[in-house]
Amino acid sequence: MAGLSRMDRKVLFAVVALLACVSGQSSQPRVDAGVAALAVQCEIQQESVSALVDALDGDDLDAAKAAYQAARPPYEQIEVLAACFEDLDEAIDARAYAFDTGELGDDFVGFHRIEACLYRENDIECARPYGRPLRRTINELCDVLDASSSEVFNRGKTWDGALGLTVEIGSKKIASEEETYSDLSLLIFRENLKGIWAVISPFEDEVEVETWENLEAAFNTMVDTLNEVDPENGFEGGEGAAAKPYSEVTVEERKLISDNIYAFFLALEAANMEVRDGQEAENLPEGATRLQLGPVASRQTERQNQAVLEGVAKFEELCANQQELASDLLSAIDTGDLDASRDAYVAARPPYEQIEVLAGSFEEEDTNIDSRPYAHNRGELDEGFRGMHVAEYCLFRDDDLDCARAAVTDVQGTIDSLCAKIDNAANDPDNFNFENTWDGLKALSVEVPAKKISSEEETWSDHSLLIFTNNAKGIESQLSPFFPLLPAATVTELENAYDEIVSVFNNMDAAGFDGMASGDGPLYSDVSMEDRDAIVDAFYNYAALIWAAEDQVADGEVSPSVSPSPSESESATPTATPTATPTATPSPTAEPICFPGSATVELESGESVRIDQVAVGDRIRTSAGFSSVFMMGHKDSEILAEYLSFKLANGDFFRASGSHYLVTEGGLLKAARDFVVGDKLVTSMNGAVTIEAVDRVVAKGAINPHTEQGDLIVDGVLASCYTTMVPPVIAACLLTPFRILFRLGFTVPDLLHTNSSKFVMFLHNVAKRVF
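### With respect to the overall build of the chain
Stage number 1. Of regular secondary structure, the chain possesses 28 helices and 11 strands.
Stage number 2. Split into buried and exposed, the 771 residues of the chain put 57% on the buried side.
Stage number 3. Taking contacts inside the chain between residues at least 6 apart in sequence as the whole, the part at least 24 apart equals 73%.

### Regarding the packing of aromatic side chains
Stage number 1. A full pass over the atoms with the stated rule returns 23 aromatic pairs.
Stage number 2. Consider the rings of Trp-197 and Trp-212, whose centres lie 5.5 Å apart with planes at 40°: the pair is tilted. You can see Trp-197 sitting in helix H10 (residues 185-200) and its partner Trp-212 sitting in helix H11 (residues 209-229), a full 15 residues away along the chain.
Stage number 3. On the accessibility criterion, Trp-197 (17% relative accessible area) is buried.
Stage number 4. For Trp-212, a relative accessible area of 4% translates into the label buried.
Stage number 5. A cation sits over an aromatic face here: Lys-194 above Phe-235, 5.4 Å from the ring centre.
Stage number 6. Note that Lys-670 overlies the ring of Phe-675, its terminal NZ or CZ placed 4.5 Å from the centroid.

### What about the environment of Ala-198?
Stage number 1. Here Ala-198 lies in helix H10.
Stage number 2. In the structure, Ala-198 is positioned 165 residues away from Ala-33 in sequence and 8.4 Å away in space, judged by C-alpha atoms.
Stage number 3. Once residues within four sequence positions are removed from consideration, Ala-198 is found in contact with Gly-34 and Ala-37.

### Regarding the packing of H10 against helix H12 (residues 251-275)
Stage number 1. Remark: H10 packs on H12, axes separated minimally by 13 Å, with the N-to-C direction vectors making an angle of 15°. When the interaxial angle is binned, H10 and H12 end up roughly parallel. As H10 packs across H12, the resulting crossing turns out to be left-handed. On H12, the residues touching Leu-186, Phe-189, Leu-193, Ile-196, Trp-197 and Ile-200 of H10 are Ile-257, Ile-261, Phe-264 and Leu-268.
Stage number 2. A class-by-class count of the residues in the contact of H10 with H12 yields 10 nonpolar, no polar and no charged.

### Remarks on the nonpolar core
Stage number 1. Counting 177 residues, the largest nonpolar core has Phe-85, Leu-145, Phe-264, Phe-468 and Phe-505 as the members making the most contacts within it.
Stage number 2. Filtering out sequence-adjacent residues up to four positions away, Phe-264 remains in contact with Thr-166, Leu-193, Ile-196, Trp-197, Leu-215, Ala-218, Phe-219 and Met-222.
Stage number 3. Of all hydrophobic cores here, the second largest spans 27 residues; its members include Ala-599, Leu-603, Leu-662 and Val-689.

### A few points about the pattern of salt bridges
Stage number 1. Taken as a whole and assessed by the stated rule, the structure comprises 56 salt bridges.
Stage number 2. The closest approach of N and O atoms between Arg-372 and Asp-370, which form a salt bridge, is 3.6 Å.
Stage number 3. The shortest N-O distance in the salt bridge between Asp-398 and Arg-397 comes to 2.9 Å.
Stage number 4. The class of Asp-398 is partly exposed, set by a relative accessible area of 26%.
Stage number 5. Each of the salt bridges in this network shares a partner with another, and the network as a whole consists of Arg-72, Glu-76, Glu-79, Asp-93, Arg-95, Glu-168, Lys-173, Glu-177, Glu-178 and Glu-179.

### Here's the deal with the pairing of strand S3 (residues 619-622)
Stage number 1. Pairing analysis gives four bridges linking S3 to strand S4 (residues 625-648), with the strands arranged antiparallel. If you follow Thr-622 over to S4, its bridge partner there is Gly-625.
Stage number 2. Where S3 hands over to S4, the hairpin turn is made up of two residues, counted between the paired strands.

### Focus: helix H20 (residues 464-479)
Stage number 1. Between the first and last C-alpha of H20 there are 23 Å, a value that for 16 residues agrees with the 22 Å anticipated at 1.5 Å per step.
Stage number 2. When you tally the buried positions in H20, you get 14 out of 16 residues, the bulk of the element.

### Quick notes on the state of the cysteines
Such a bond, covalent and formed between the sulfur atoms of two cysteines, is termed a disulfide.
Stage number 1. Summed over all chains, the structure comprises four disulfides.
Stage number 2. A sulfur-sulfur distance of 2.1 Å marks the disulfide that ties Cys-42 to Cys-142. Because the torsion about its S-S bond is -100°, the bridge between Cys-42 and Cys-142 counts as left-handed. Note that Cys-42 is positioned in helix H2 (residues 28-57) and Cys-142 in helix H8 (residues 131-147), a separation of 100 residues in sequence.
Stage number 3. In this structure Cys-142 comes out as buried when scored by relative accessible area, which is 0%.
Stage number 4. Shown here is the disulfide that connects Cys-117 with Cys-126, its sulfur atoms set 1.9 Å apart. Where Cys-117 bonds to Cys-126 through sulfur, the torsion about that S-S bond is close to -50°, and the disulfide is left-handed.
Stage number 5. Residue classification places Cys-117 among the buried residues on the basis of a relative accessible area of 0%.
Stage number 6. The exposure class of Cys-126 is buried, given its relative accessible area of 6%.

### Some thoughts on the sheet that holds strand S10 (residues 711-714)
Stage number 1. Taken in spatial order, the four strands of this open sheet run S7-S6-S11-S10, and their pairing is antiparallel. The outermost strands of the open sheet, each flanked by one partner alone, are strand S7 (669-671) and S10. Each strand of the sheet is rotated relative to its neighbour by a mean of 40°, with strand direction disregarded.
Stage number 2. Pairing geometry for strand S6 (residues 660-663) and strand S11 (residues 717-723), over two bridges, is antiparallel. By the bridge assignment, Leu-662 is partnered in S11 with Ala-719.

### A closer look at H11
Stage number 1. Along its 21 residues, H11 runs 30 Å from first to last C-alpha, staying within 8% of the 30 Å computed at 1.5 Å per residue.
Stage number 2. Taken as a whole, H11 has its buried residues at Thr-211, Trp-212, Leu-215, Ala-218, Phe-219, Met-222, Val-223, Thr-225, Leu-226 and Val-229. Viewed end-on, H11 has its buried residues packed into an arc of 160°, placing them on one side of the element. Of the exposed residues in H11, those oriented more than 90 degrees away from the buried face are Val-209, Glu-210 and Glu-228.

### A closer look at a negative patch on the surface
Stage number 1. On the surface, a cluster of negative charge is contributed by Glu-204, Glu-208, Glu-210, Glu-213 and Glu-216.
Stage number 2. Looking at the secondary structure, you find Glu-216 in helix H11.

### Points about the confidence of the model for the chain
Stage number 1. Per-chain confidence: the chain averages 85 in pLDDT, with 85% of residues scoring 70 or above.
Stage number 2. Here residues 9-25 is a poorly scored stretch, pLDDT under 50, and it has 27 contacts once near neighbours within four places are set aside; other chains count.
Stage number 3. Low pLDDT, under 50, characterises residues 283-298; the stretch is placed with 48 contacts to residues that sit more than four places away or in other chains.

### Observations concerning the pairing of S4
Stage number 1. S4 sits mainly inside the fold: 18 of its 24 residues count as buried.
Stage number 2. Here S4 runs beside strand S9 (residues 688-707); their pairing, made up of 15 bridges, is antiparallel. The residue bridging Ser-645 from the neighbouring strand is Asp-695, located in S9.
Stage number 3. Examined bridge by bridge, S4 and strand S5 (residues 653-656) share four bridges and lie antiparallel to one another. Note that in S5 the partner of Phe-646 across the bridge is Phe-654.
Stage number 4. Once S4 ends, the chain turns through four residues before running back antiparallel as S5, passing Gly-651 with a positive phi of about 90°.

### A word on the side chain of His-706
Stage number 1. By the secondary structure assignment, His-706 is in strand S9.
Stage number 2. With a relative accessible area of 7%, His-706 lands in the buried category.
Stage number 3. Ignoring any residue separated from it by four or fewer positions in sequence, one finds His-706 in contact with Ser-628, Val-629, Phe-630, Met-631, Gly-633, Cys-721, Tyr-722 and Leu-735.

Criteria and thresholds
- Residues numbered from 1 in each chain as written.
- Predicted model: local features only at pLDDT ≥ 70, side-chain atom pairs only at ≥ 80, totals over all residues.
- Heavy atoms only, no water.
- Helix = DSSP H or I, 4+ residues; strand = E, 2+ residues; numbered from the N terminus.
- Buried < 20%, exposed > 50% of the residue type's maximum accessible area, 1.4 Å probe, protein only.
- Contact = heavy atoms within 4.5 Å.
- Phe/Tyr/Trp six-rings, centres within 6.5 Å; stacked < 30°, edge-to-face > 60°.
- Lys NZ or Arg CZ within 6 Å of the ring centre and 35° of its normal.
- Axes fitted to C-alpha atoms, helices over the stretch in contact; angles between N-to-C directions.
- Parallel < 35°, antiparallel > 145°, perpendicular 65-115°, else oblique.
- Left-handed = near helix turned anticlockwise from the far one by under 90°.
- Nonpolar A, V, L, I, M, F, W, Y, C, P; charged D, E, K, R; others polar.
- Core = buried A, V, L, I, M, F, W, Y, C linked by side-chain atoms within 4.5 Å.
- Salt bridge = Lys/Arg side-chain N within 4 Å of Asp/Glu carboxyl O.
- Pairing = 2+ DSSP bridges.
- Expected span 1.5 Å × (residues − 1).
- Disulfide = S-S within 2.5 Å.
- Arc of directions from axis to C-beta.
- Patch = residues over 30% accessible without salt bridge, like charges linked within 9 Å, V, L, I, M, F, W, Y side chains within 5 Å.
- Areas by Shrake-Rupley, 256 points an atom, 1.4 Å probe, with all protein chains shown as cover.
- Lys, Arg positive; Asp, Glu negative; His and termini not counted.
- Charge placed at Lys NZ, Arg CZ, Asp CG, Glu CD.
- pLDDT = per-residue confidence, 0-100.

The following block contains the structure:
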């Protein structure tokens, strides 16, 4: 064994594990065989991601794109077991819509952050900061796969993963929602299938011969389908992971892929029942129609309620119009004219796409009108999948009028129920209220640029522009009733941001914003990457302002004659229009005195961890080696806050609040806000690195560990634990009792963690009085 490479040993282990399966002792050897096969892929992934990092360090955009494409296959095989390492999967492969704020926060990292930078923004510098963190995460993943623990990997998760990923291809990925900008969906499909087969094939002897033959035939049909759709590269893929651009795949070819992937799913489902003794799959990934926000504390004054109901009233006529248009659609279908039916379908789509902004107020109706197949465990095969998108599939993909007739007939009753709820909104405060309205405004404004931009809605009709424009109209209709309750500067910013969205569509085509909202103008497949980028930027800018505006809504009318104070104006206005590295302010609250939750520190064990995972008692790297964390000056993992982002000459980025003290090259302390381009920051290697750019970004979390040393190394940069709120010497003196308590074995009260802003203000007041 000593003469074998690490790769050879992994391959040998996979073979041994597979032979152990044949002996039929238990299911675990079969699980281990699949995991071992994926561990081989992980080693390949380590090499390809290192090549990607090297390419990102250069200046050749085309070379970086080629390295990105070559790096994609391994993880798309490993993904089949993503449920076994969800945190790592999120950091590697999550799309922007997995996060409440989409690309506005800094939780969105990994392959798809890099993809957006390289292919949408054509910006290699934008992608560069995400390469090394991705490589570190891949290394962690390989360790998990190498360990192959039965506590992590088991038969249930293996089969749930295989079934879940198969239905995800047919119900979600088929829409090109993955690799939206790189156009590499065919690569994704084939590698997903390879991973699925790698983990289920060791179970062959647990399945009846006929069942297995059916499964194998269905898999081979998928192989043949991808060979047929992409004859040049085929199922194995061409050099450099080459694949036919998905935008060149016809509707007929996509339908063939969809039909055959669902046939494979059914065969897989039958095998699963035998492997698991009749037990159905558990915990299949269940999608959501839109981004889900966490609970919000209740708040609603009478005037705010009036604004809510003013907005809802605008939908009464829209909903009645939706009823009429659904009837018109059914009449068109009854004529037997497919083209007329398609036109009637497009005409029937606008009203609900405006009403959708309040979907949280009528979730059952929303599901039955507008859900996509990925919102259901079995995709299109699930009996819960119904509504307008069933009609879309029937008309635009399957050319099936009878299928469409059944779908529209079914949805008419749901539309009637929706209209009744809207008409009764004044008597239904549990569903129509401030929280639901603002959750809807925030969620839909992010969902368009984070998710719908991929054409995952109206995949088959190709009318995504209709969706975007009507979503924007719906958002504006519910937002404007709150304008009398907002500062004038905020209202101006919101109005300008909406006008910018309108302008983007007006500049795109002669049909303009209103024409596209009616279904005129170009099909989405003809929209350029530059125009899609403009849509993303405009919607994110609008979203950032909406998120900021919620906390500025007054309890009553804001007098138009009173100008907002400078602090109000400053906090109501985002610093910059979001791009691949967004910079908009999500909240008008005071600046944090911390680091974002995704910042990293080094533990004494050598492990690099997120700062929001640090706990009291941990020893982290400081200017004098490792020092214990004796208290958390602030620890809020959920807050969205604004930070300064320093782009450094070594390609790294460092983020901190403007009030945090950093160390100059001369060893002095200076507030982060006072550093400018050309200044140098001290690094963990006792060197200094030049600042190339300073920006403002929105990030999730506000964390500030206090070490006994008084400083810490964050993302490779030396920072003080102290801020401008209290002079460092005084702060150190005031915190001495807490250091002593820590050394005596006492834990600093949690009050300091959760109410640190009050605590720091207390220190500030003490400092003023005593010193």
